[in-house]
Amino acid sequence: QVQLVESGGGLVQAGGSLRLSCAYSGSSFSANVMAWYRQAPGKQRDWVARIFSSHNTYYANSVKGRFTISRDNAKNTLYLQMNSLKSEDTAVYYCNAERLRSPGYYQPLHSWGQGTQVTVSS
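A brief report on the enclosed structure follows.

1. Regarding the nonpolar core
The biggest cluster of nonpolar side chains holds 27 residues, and the ones touching the most others in it are Trp-36, Phe-67, Ile-69, Leu-78, Leu-80, Met-82 and Tyr-93. Put simply, the parts of the chain that give this core at least two residues each are β3 (18-24), β4 (33-39), β5 (45-51), β7 (67-72), β8 (77-82), β9 (91-102) and β11 (116-121).

Shown next as structure tokens:
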């Protein structure tokens with residue numbers, strides 16, 4: 001059973017920065033596609049960023065240019081550097097491994113962790 005533990009969230013002013021971390025307990029971290037998701041109150045969980053084993057990255061349009069996803073395979077840890085934060089970034093942030101379920105469609109592999117709360121005040 002893989003465990004995902006997110007940390008690093010907090011309360012920040014608009015324009016501020018936060019760095020989130022995700023500790024992955026499994027043995028296949030370096031081979032996995034990893035991703036960050038977020039869920040705002042009353043809304044569905046949305047994909048935010050994705051990083052492949054090659055370290056190639058992709059971002060949702062809403063965060064592109066402001067967020068940076070990275071990974072440290074030696075530490076089994078995923079990161080999300082968030083800059084120029086906006087009120088609309090307020091959400092619980094989750095990490096997960098992904099697999100290619102069908103062409104162009106990635107699906108989360110594991111049960112969700114507790115997430116880490118990011119609150120951006122205006």
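2. Points about the packing of aromatic side chains
Following the criterion strictly, the structure yields five aromatic pairs and no others. On the numbers, 5.8 Å between centres and 85° between planes, the contact of Phe-52 with Tyr-58 is edge-to-face. Note on Tyr-58: relative accessible area 42%, which makes it partly exposed. With centroids separated by 5.8 Å and ring planes inclined at 70°, the aromatic side chains of Tyr-94 and Trp-112 adopt a geometry described as edge-to-face. Placement of the pair is Tyr-94 in strand β9 and Trp-112 in the loop between β10 (105-108) and β11, with a sequence separation of 18 residues. One aromatic cluster in this structure is built from Tyr-37, Tyr-94 and Trp-112. Its end group placed over the ring of Trp-112, Arg-45 keeps NZ or CZ at 4.1 Å from the ring centre. The ring of Phe-29 has Arg-71 sitting right over it, with the charged end atom 4.6 Å from the ring centre.

Quick notes on the rules
Residues numbered from 1 in each chain as written. Predicted model: local features only at pLDDT ≥ 70, side-chain atom pairs only at ≥ 80, totals over all residues. Heavy atoms only, no water. Core = buried A, V, L, I, M, F, W, Y, C linked by side-chain atoms within 4.5 Å. Buried < 20%, exposed > 50% of the residue type's maximum accessible area, 1.4 Å probe, protein only. Helix = DSSP H or I, 4+ residues; strand = E, 2+ residues; numbered from the N terminus. Phe/Tyr/Trp six-rings, centres within 6.5 Å; stacked < 30°, edge-to-face > 60°. Lys NZ or Arg CZ within 6 Å of the ring centre and 35° of its normal.

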